[in-house]
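Letter by letter, the chains look like this.
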14 protein chains.
Amino acid sequence: MDNITIIGIASIITAGLTTGIGTMLPALSEGKAIASALSSLAQQPDASSTITRTLFVGLAMIESTAIYCFVVSMILIFANPFWNFIIAK
Amino acid sequence: MDNITIIGIASIITAGLTTGIGTMLPALSEGKAIASALSSLAQQPDASSTITRTLFVGLAMIESTAIYCFVVSMILIFANPFWNFIIAK
Amino acid sequence: MDNITIIGIASIITAGLTTGIGTMLPALSEGKAIASALSSLAQQPDASSTITRTLFVGLAMIESTAIYCFVVSMILIFANPFWNFIIAK
Amino acid sequence: MDNITIIGIASIITAGLTTGIGTMLPALSEGKAIASALSSLAQQPDASSTITRTLFVGLAMIESTAIYCFVVSMILIFANPFWNFIIAK
Amino acid sequence: MDNITIIGIASIITAGLTTGIGTMLPALSEGKAIASALSSLAQQPDASSTITRTLFVGLAMIESTAIYCFVVSMILIFANPFWNFIIAK
Amino acid sequence: MDNITIIGIASIITAGLTTGIGTMLPALSEGKAIASALSSLAQQPDASSTITRTLFVGLAMIESTAIYCFVVSMILIFANPFWNFIIAK
Amino acid sequence: MDNITIIGIASIITAGLTTGIGTMLPALSEGKAIASALSSLAQQPDASSTITRTLFVGLAMIESTAIYCFVVSMILIFANPFWNFIIAK
Amino acid sequence: MDNITIIGIASIITAGLTTGIGTMLPALSEGKAIASALSSLAQQPDASSTITRTLFVGLAMIESTAIYCFVVSMILIFANPFWNFIIAK
Amino acid sequence: MDNITIIGIASIITAGLTTGIGTMLPALSEGKAIASALSSLAQQPDASSTITRTLFVGLAMIESTAIYCFVVSMILIFANPFWNFIIAK
Amino acid sequence: MDNITIIGIASIITAGLTTGIGTMLPALSEGKAIASALSSLAQQPDASSTITRTLFVGLAMIESTAIYCFVVSMILIFANPFWNFIIAK
Amino acid sequence: MDNITIIGIASIITAGLTTGIGTMLPALSEGKAIASALSSLAQQPDASSTITRTLFVGLAMIESTAIYCFVVSMILIFANPFWNFIIAK
Amino acid sequence: MDNITIIGIASIITAGLTTGIGTMLPALSEGKAIASALSSLAQQPDASSTITRTLFVGLAMIESTAIYCFVVSMILIFANPFWNFIIAK
Amino acid sequence: MDNITIIGIASIITAGLTTGIGTMLPALSEGKAIASALSSLAQQPDASSTITRTLFVGLAMIESTAIYCFVVSMILIFANPFWNFIIAK
Amino acid sequence: MDNITIIGIASIITAGLTTGIGTMLPALSEGKAIASALSSLAQQPDASSTITRTLFVGLAMIESTAIYCFVVSMILIFANPFWNFIIAK
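Residue positions are counted from 1 within each chain, in the order its sequence is given. The lettering of chains begins at A and the numbering of ligands begins at 1, in the order of writing. Per-residue local features of the predicted model are confined to residues with pLDDT of at least 70, and side-chain atom pairs are confined, for both listing and counting, to 80 or more; whole-chain, interface and lining totals are unaffected and use all residues. With hydrogens and water excluded, all non-hydrogen atoms of the structure serve as input to the side-chain values.

- Chain A carries the name ATP synthase subunit c in an unreviewed UniProt entry, which gives Christiangramia fulva as its organism.
- Under Sequence similarities (unreviewed entry), UniProt gives the following word-for-word description of chain A: "Belongs to the ATPase C chain family." UniProt positions are given in the numbering used here, feature names are shortened, and annotations may be inferred rather than shown by experiment.

Here you go:
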């Protein structure tokens, strides 16, 4: 049973850290983009439609890197091939 | 009983760190966005409706990355497949 | 009794660190938002109602990430499923 | 007696670090907010009542995150459920 | 069975860290590019088509480095030659 | 006697580090606030009474976080419940 | 079989870290270059052809350092002389 | 005699580090305050009495945090209750 | 066979890290140079030939330091005298 | 004789580090204060007497924190109560 | 044979790290110098001959520090006196 | 003879590190002060006598903290009471 | 033979690190000096002779610190008294 | 012979690190001073004699801290009292 436990622990810790670390800079990055958007809006209110459209496309792109991390975490928790192989044994 | 304990510890520590670390930069990022919104409001009070709307959409997006971390923590504490498998045994 | 002790230690340390680390950047972030609000107030005293309203909504949002951490700490101290399971045994 | 000692040590160290680390950035953050308030006062002395009111509300909010840490430390020293459980045994 | 477990753990941890670490700076970098695009739009609304086209080409290029990491993670989880060799034995 | 020694060491080290680390940023923060106050005084000598009053209230608030750390250190050295319990035994 | 496992682990971890770490700064660097290009476009829309041409040559050059890392990772996973030597034995 | 030695070492190291680390940022902070005072004096020589008075009050306040550390060090070297208890035995 | 394995591992890890770490700052540096070139082009479009020529010479020079690292990695993987000596034995 | 050696080593290392680390930031801080004084002198040569007087008082104050560290080092080398107690035995 | 292996490993790792670490800052430094040269060219196109000449002399000087590292690496791989001594035995 | 060796090693390492670390920031600090002096001289050539006098007094003060470290190193190498005690035995 | 190996390893690693680390900041520093020289040339082309002369004297001075490190490395590789003593035995 | 080896290793490593680390910031600092001198020369070519004189005095002072480190390294390699004592035995 030892091997099952070890694989389990590694999956738990890696899943947590991947999400915990990997969402840090996307969040920071979104904050930066939004901050820039807001000061641009204040500077050029007439271009608000272009600015908000570009912002939302950009945010979606940044969010995608956070989602890569979340996906890897979910795969490690709910669809982990190594865990399945060990259990199947 | 050893294995149960080890899985338990790993879950506790990972749950704590994932939330503790993963909410740091979203918080920082929201502070940045709000700071930018406030100085934009001071600079262009007439665009306040666009600014606050963009701000709240952005904050929701940033908050989502913090919530990914919180969700992973909650899964690790209350719906942990590895823990359930070990106990079920 | 060993297992109980280990689970206990892990819970104590994680609870402390989660709150200790996780409240750092929300605090920094609130300081940033407040600093920005104050200089905005000095720059545009007429918009004080919009500014303070946006500030308080924002502070509540930032505080929420600090509260996630506090909640995880409290769960780990007073409603820890792993601890309950070990004791119940 | 070993278990009692270990739980005790973990509580002592965690209590100290939680307060020691967790009050660092609230302090920094309050310094930032006060510095901003002071330069705002110098820039717009007429808005001093709004500025100081917003400052004190903000300081209270920041202080709250430092107090979360202090509360967790005090709980770990004087109302630690893990310690009580081990001693009661 | 020991070797299988060890290879498995190494793959899990490396897969998680590669995605977790490797998507951090692409995200930051995209945030920077978007922030710059938004302030450029505010400054020169007439050049919006050139700006957004350059931005999207650039974002695709940055995203490619994040995808390198994601690809390495996926190879390590689902097409790992070392794991296949060990199992095939 | 081993347990007494261990509890003692942990208390000594924690007491020292809590004060050593925990007073760092309050000091930095007070320096920042004072620096800001001085440049505000130079900029607006007429508002000196408001500025110094706000400064001293703020310094007291920042000092309070340093005092939390000092209090925890003193509790750990002179009123440590874990130490008392071990000795009483 | 021990040696095979050890060489395998070292290859997995190194491959992951080389790509994970080595693509971080190229990504950051591309973000910087694109950000600079965008603000240059906003400042001098007439020179857009020279700017975008220089940008794309530069991005290719930066991408080359990321590709060095990716190449080393791929060599370590799919054409590793040390692994081949050990297996061939 | 082992226990005496261990308590002694812990006291020596903690006393040194507490002073060594804990006086770093107060020193930095005083430098900042003095630098700000000097440039304020250069900017507004007429307000020199207010500026130097505020500076010295502030320096005393910052120095107090350095003195907390020095006090803890001195207590650990010359009035250490844990050391006294071990020796008294 | 132990020695062969150890030399192999050291070569794998060093080769990966040398490329992974050693290409980071050249990439950053190229980004800086390109960013500077682009803003120079925007500022002085007439000097574009001198600027791009200087830029490409400079990029080649920077790239050379990245290539030193890549060369060392390739030597360690494909022309490693220590590995050859051990195998030849 | 072991205990004497251990106490000796701890004293040597702590004495060195306390001075080595503890004089770093006072030095930095004095540099900052002097730099500020020099640019203030260049800006307002008429206030040179006030500036240099404030500077020297400030430098003395900063130097005091470096001297705390030096004092602790000297106590640990030449008047160490723990060393005296062990030797006296 | 153990000694040969150990000397070999130390040489491999040191050679890699010396080049990997030691070429980082020269690269950064060259980027800084080139960036400065380009903005100088944009500002004063007439002085282009002096600027490029000074730049290339400077780059050669910076490159020399990177070459020191590369030389040490090559000595450690191909002309290592310690390795030769051990083998000659 | 073991104890003599250990005391010797600790003295060597501490002596080296104390000087190596402790002279870093005084050097940085002197550079800052000199840089400030030079730009002040360029700005106000008439005040050169006051500026250079203040500079040299300041440099002497900063140098004193570097000399504290050098003195502690020399004491540890040539007048080490712990070494003398061990040898005298 | 063990002792020879250990002395050898220590010499190899130290020689590599001393050059690898010790040439980093001289390189950075030269880059800074050259960058400053170039922007000075652009600003005041008439003073080019004084500027380049001061630059080259300065570069020689900075290079000297890099050469100290290179010299120590070469002494450790080719004229190491500890190695000679051990071999001579 | 063990003791001789250990003292030797400690001396080698400490000598290397003291020079490697201790010359870093003096180099940086000289770069800063020279950069400042060059921009001062560009700003005020008439004061070139005062500026270069002050610069060279300052560089000598900074170089002195690098020389302290080099001296300690040389003492540890060629005039090490601990090594002499051990050998003399």
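Now that the structure has been shown, the text picks up again.
## Some details on the overall build of chain A
1) Next: On a plain count of helices and strands, chain A comes out with four helices and zero strands.
2) Next: Counting only C-alpha atoms and orienting by the principal axes, one finds that chain A spans roughly 65 × 15 × 10 Å.
3) Next: Each residue is assigned to one of three classes by its accessible area relative to the maximum for its type, calculated with a 1.4 Å probe on protein chains only: buried under 20%, partly exposed between the two thresholds, exposed over 50%. Scored against the burial criterion, the 89 residues of chain A give a buried share of 67%.
4) Next: The criterion used for residue contact is that any of the two residues' heavy atoms lie within 4.5 Å. For chain A, the share of sequence-separated contacts (at least 6 apart) that also reach a separation of at least 24 residues comes to 79%. Numbering of helices and strands runs from the N terminus; a helix is a DSSP stretch of H or I covering at least four residues, while a strand is a stretch of E covering at least two.

## Some words on the relation of the copies chain A and chain E
1) Next: Superposing copies: least-squares fit, C-alpha atoms only, residues required to have pLDDT of at least 70 in both. Mapping chain A onto chain E calls for a screw motion: a turn of 26° about the axis and a shift of 0.0 Å along it, with 0.0 Å RMSD after fitting.
2) Next: Interface overlap between copies: only 19% of the residues of chain A at the interface are likewise at the interface in chain E, consistent with a contact formed by different surfaces.

## Side note on the interface of chain A and chain E
How big an interface is tends to be stated in terms of the accessible area lost upon association of its parts.
1) Next: On the chain E side, the residues contacting the 43 residues of chain A number 45 residues.
2) Next: The term salt bridge refers to a pairing of a side-chain nitrogen on Lys or Arg with a carboxyl oxygen on Asp or Glu at a separation within 4 Å. Along the contact surface separating chain A from chain E lie zero salt bridges.
3) Next: Any pair of nitrogen or oxygen atoms within 3.5 Å is treated as a polar contact; in protein, a donor-acceptor pairing is required on top of that, and neighbouring residues in sequence qualify only through side-chain atoms on both sides. For the pair chain A and chain E, the number of links is nine residue pairs in polar contact (both at pLDDT 80 or more).
4) Next: Listing elements by their share of the side of chain A that touches chain E, those giving two or more residues are helix H1 (2-22), helix H2 (24-43), helix H3 (48-78) and helix H4 (81-88) of chain A.
5) Next: If you tally residues by element for the side of chain A that touches chain E, the top one is H3(A), at 17 residues.

## Observations regarding the interface of chain C and chain B
1) Next: Between chain C and chain B, the residue contacts involve 42 residues of the former and 44 residues of the latter.
2) Next: Once two parts are put together, the accessible area they lose, assessed with a 1.4 Å probe and summed over both, is termed the buried area. The largest contributions to the chain C side of the interface with chain B come from C:Leu25, C:Tyr68 and C:Phe82, which together make up 18% of the buried area.
3) Next: Our count for the chain C to chain B interface comes out at nine residue pairs in polar contact (both at pLDDT 80 or more).
4) Next: Looking at the side of chain C that touches chain B, the elements that each hand over two or more residues are helix H1 (2-22), helix H2 (24-43), helix H3 (48-78) and helix H4 (81-88) of chain C.

## So, the side chain of E:Thr52
1) Next: Here E:Thr52 is to be found in helix H3 (residues 48-78).
2) Next: Among the polar contacts made by the side chain of E:Thr52, one reaches the main-chain carbonyl oxygen of E:Ser49 at a distance of 3.2 Å.

## Let's talk about the UniProt feature "transmembrane region" (unreviewed entry) in chain A
1) Next: The sites that carry the UniProt feature "transmembrane region" (unreviewed entry) are, in the present numbering, residues 6-28 and 55-79 of chain A.
2) Next: With 96% helix and 0% strand, residues 6-28 of chain A has end C-alpha atoms that lie 34 Å from one another.

## Some points on the packing of aromatic side chains
1) Next: For Phe, Tyr and Trp, where Trp contributes only its six-membered ring, two rings pair if their centres lie within 6.5 Å, and the inter-plane angle classes them as stacked under 30 degrees, edge-to-face over 60, or tilted in between. Counted under the stated rule, the structure contains 42 aromatic pairs over all chains.
2) Next: On the numbers, 5.3 Å between centres and 75° between planes, the contact of D:Trp83 with F:Phe85 is edge-to-face. Pair noted here: D:Trp83 is in helix H4 (residues 81-88) and F:Phe85 is in helix H4 (residues 81-88), and the two residues belong to different chains.
3) Next: Relative accessible area serves as the criterion here: at 26%, F:Phe85 is assigned to the partly exposed category.
4) Next: Consider the rings of K:Tyr68 and M:Phe70, whose centres lie 4.6 Å apart with planes at 15°: the pair is stacked. One end of the pair, K:Tyr68, is in helix H3 (residues 48-78); the other, M:Phe70, is in helix H3 (residues 48-78), on a second chain.
5) Next: You can call K:Tyr68 buried: its relative accessible area is 16%.
6) Next: The class of M:Phe70 is buried, set by a relative accessible area of 19%.

## Considering the arrangement of the chains
1) Next: At their nearest point, the C-alpha atoms of chain D and chain J are still 18 Å apart, with no contact between the two.
2) Next: With respect to C-alpha atoms, chain K approaches chain L no nearer than 18 Å, and the pair has no contact.

## Some remarks on helix H1 (residues 2-22) of chain H
1) Next: Given the number of residues in a helix, its expected span is that number minus one, multiplied by 1.5 Å. For H1(H), with 21 residues, the first-to-last C-alpha span of 30 Å sits near the 30 Å given by 1.5 Å per residue.
2) Next: Of all 21 residues that make up H1(H), 16 are buried, and the element is covered over most of its length.

## What about the UniProt feature "domain: V-ATPase proteolipid subunit C-like" (unreviewed entry) in chain A?
1) Next: Under the local residue numbering, the UniProt record ascribes the feature "domain: V-ATPase proteolipid subunit C-like" (unreviewed entry) to residues 13-76 of chain A.
2) Next: In this annotation, residues 13-76 of chain A is assigned 92% helix and 0% strand; the end-to-end C-alpha distance for the span is 10 Å.

## Description of the side chain of N:Glu30
1) Next: Mapped onto the elements of the fold, N:Glu30 is located in helix H2 (residues 24-43).
2) Next: Under this rule, positive means Lys or Arg and negative means Asp or Glu; His and the chain ends count for nothing. Buried charge N:Glu30 goes without a salt bridge, the closest partner of opposite sign being M:Lys32 at 13 Å.
3) Next: Residues contacting N:Glu30, with those up to four places away along its chain left out, are M:Ser29, M:Met61, M:Ile62, N:Leu59, N:Ile62 and N:Glu63.

## Quick word on the environment of N:Ala42
1) Next: Summarising the element assignment, N:Ala42 is placed in helix H2.
2) Next: The sequence separation of N:Ala42 and N:Ile62 amounts to 20 residues, and the corresponding C-alpha distance is 23 Å.
3) Next: Among residues more than four places away in sequence, those in contact with N:Ala42 are M:Ser40, M:Gln43, M:Gln44 and M:Ile51.

## Let's talk about the packing of helix H1 (residues 2-22) of chain B against H1(C)
1) Next: As a packed pair, H1(B) and H1(C) sit with axes 8 Å apart at the nearest point and diverge in direction by 5°. When the interaxial angle is binned, H1(B) and H1(C) end up roughly parallel. Within the contact between the two elements, H1(B) uses B:Thr5, B:Gly8, B:Ile9, B:Ile12, B:Ile13, B:Gly16, B:Leu17 and B:Gly20 and H1(C) uses C:Asn3, C:Ile6, C:Ile7, C:Ala10, C:Ser11, C:Thr14, C:Thr18, C:Ile21 and C:Gly22.
2) Next: Under the convention adopted here, Pro, Cys and the residues Ala, Val, Leu, Ile, Met, Phe, Trp and Tyr are nonpolar, Asp, Glu, Lys and Arg are charged, and Gly plus all remaining residues are polar. Its residues assigned to classes, the contact of H1(B) with H1(C) comprises eight nonpolar, nine polar and no charged. Axes, fitted as lines to C-alpha atoms, cover a helix only where it is in contact. Angles between the N-to-C directions of the axes lie from 0 to 180 degrees. Each angle gets one of four labels, with under 35 degrees taken as roughly parallel, over 145 as roughly antiparallel, 65 to 115 as roughly perpendicular, and the rest as oblique.

## Overview of the packing of helix H1 (residues 2-22) of chain K against helix H4 (residues 81-88) of chain K
Each pair of packed helices can be described by the angle between their axes along with the distance between the axes.
Residues and elements named next belong to chain K.
1) Next: H4 packs onto H1 with a crossing angle of 165° between their chain directions and a minimal axis gap of 10 Å. With respect to H4, the axis of H1 lies roughly antiparallel. Two packed elements cross with a definite hand, and for H1 against H4 that hand is left-handed. Of the residues in H4, those touching H1 at Ile4, Ile7 and Gly8 are Phe82, Trp83 and Ile86. Helix crossings get a hand from a simple test, with the near helix turned counterclockwise from the far one by less than a right angle marking a left-handed crossing and a clockwise turn marking a right-handed one.

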